[in-house]
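# Structural characterization, general
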Amino acid sequence: MTGFDKDWLALREPADRRARDTRLLQTAADLIERQADPHILDIGCGTGSTYRAFEKKLGATIRWSLFDHDETLLAEAEQRHGSQGITFIRGDLNDLSVLPVDGVSLVTASALFDLCSPAFIDRFVRRLKEAGAGLYAALNYDGVIAWTVSHPLDEVVTTAFNEHQKTDKGFGVSAGPDAWTLLSNDLQAQGYQVTTAPSPWLMDVPDAALQHLFLQGVVEAVADRGTIAKSELQAWHQFRLHAIGGAGSLCRVGHQDVLAFL
Ligand SMILES: C[S@@+](CC[C@H](N)C(=O)[O-])C[C@H]1O[C@@H](n2cnc3c(N)ncnc32)[C@H](O)[C@@H]1O
């Protein structure tokens, strides 16, 4: 899933909100509130979901900058929050020299680092340390998908999907499900105190629309790998679509949140 349209982001935001580890989110907010003149930079901000997740936990005096390379998403964020004294910045994270991180207390991100390559993560952590900023990176996909109603192909489908997660998503060959571990290890190596916590999506009947789109993305990614016969993949897809909304039918998609402070 490399195209991030605002409808997809809007659809996933309630599941993301429920999934975020509340303790890590609150700890990040508490640490920020204690700093003099705090400034938060949200990278890969999309339409501003991380800003919204923090909004009620932080005082109105906190300065925010929202950074993304996508003009449309940034415009949507500005339309929703433009009156709240936020700075909106368009830029490409691949060029870390333009990332306005100096003087920032906390960099935030969500659903971003699993798109990034190990080399980018390494460069990013060095830049973060140079600036002396903390990091709250939520909702990094961790490679674990489970359904309460099982199908014999679940494991091979998940394996193929995870392989696809490790293709280029705009930052070189992506770390995919390994990103959160690499990120945590790099941060620790740079002297950060790191806390991680699981933040899985738990999709039930009310999340049927999200489940449909998620399955569509999985099937497209797996078809792209070409490791499962088309007819088998179609049968799996039909089984999964049919199971949505069935009694006791839950889908769990694993994510991990990472919080790091110096
Ligand atoms: C999965 S979306 C997450 C958006 C938002 N953080 C959220 O949780 O709803 C990933 C975001 O990263 C942005 N992004 C991807 N590659 C980028 C790059 N090279 N530079 C800046 N932003 C990038 C996308 O435009 C998108 O907004």
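Just so it is clear, the model here is predicted, and its values are computed rather than measured.

### Points about the pairing of strand 3 (residues 87-90)
Bridge analysis of strand 2 (residues 63-68) against strand 3 gives 4 bridges, and the strand direction is parallel. Residue pairing across strands places Ser65 opposite Thr87, the latter belonging to strand 3. Remark: the strand 2/helix 4 (residues 71-81)/strand 3 crossover connection has right-handed handedness.

### Observations regarding the side chain of Asp142
Inspection of the secondary structure assignment puts Asp142 in strand 5 (residues 134-147). Of the side chains bearing the opposite charge, Arg252 lies closest to the buried Asp142, which forms no salt bridge; the N-O distance is 5.9 Å. Engagement of the side chain of Asp142 in a polar contact is seen with the side chain of Gln256, the distance being 3.0 Å.

### Some points on the site of the ligand
The full set close to the ligand counts 18 residues, and Gly44, Asp68, Asp92, Leu93 and Ser110 are the nearest of them. Here a nitrogen atom of the ligand sits 3.4 Å away from a polar atom, N or O, in the main chain of His69. Take Ser110: an N or O atom from its side chain is 2.7 Å from an oxygen atom of the ligand. Notes on the ligand: free accessible area 590 Å², of which the protein chains cover 97%. When its residues are assigned to classes, the shell around the ligand shows 8 nonpolar, 7 polar and 3 charged.

### Quick notes on the pattern of salt bridges
Scanning the model with the defined rule gives 12 salt bridges in all. One salt bridge in this structure joins Asp207 and Arg18, with 3.2 Å as the shortest N-O distance. In this pair, Asp207 sits in the loop between strand 7 (201-203) and helix 8 (208-225) while Arg18 sits in helix 1 (residues 6-19), placing the two residues 189 residues apart along the sequence. The buried category is assigned to Asp207, whose relative accessible area is 10%. Taking the shortest distance from any N to any O, the salt bridge between Asp122 and Arg126 comes out at 3.4 Å. Residue Asp122 and its partner Arg126 are located together in helix 5 (residues 118-131), separated by 4 residues, close to a single helical turn. Salt bridges here are not isolated pairs; linked through shared partners, they connect Asp102, Arg127 and Glu130.

Quick notes on the rules
- Residues numbered from 1 in each chain as written.
- Predicted model: local features only at pLDDT ≥ 70, side-chain atom pairs only at ≥ 80, totals over all residues.
- Heavy atoms only, no water.
- Pairing = 2+ DSSP bridges.
- Helix = DSSP H or I, 4+ residues; strand = E, 2+ residues; numbered from the N terminus.
- Right-handed = clockwise from strand over helix to strand, strands pointing away.
- Buried < 20%, exposed > 50% of the residue type's maximum accessible area, 1.4 Å probe, protein only.
- Lys, Arg positive; Asp, Glu negative; His and termini not counted.
- Salt bridge = Lys/Arg side-chain N within 4 Å of Asp/Glu carboxyl O.
- Polar contact = N/O pair within 3.5 Å; in protein donor to acceptor, adjacent residues only side chain to side chain.
- Near = heavy atom within 4 Å.
- Areas by Shrake-Rupley, 256 points an atom, 1.4 Å probe, with all protein chains shown as cover.
- Nonpolar A, V, L, I, M, F, W, Y, C, P; charged D, E, K, R; others polar.

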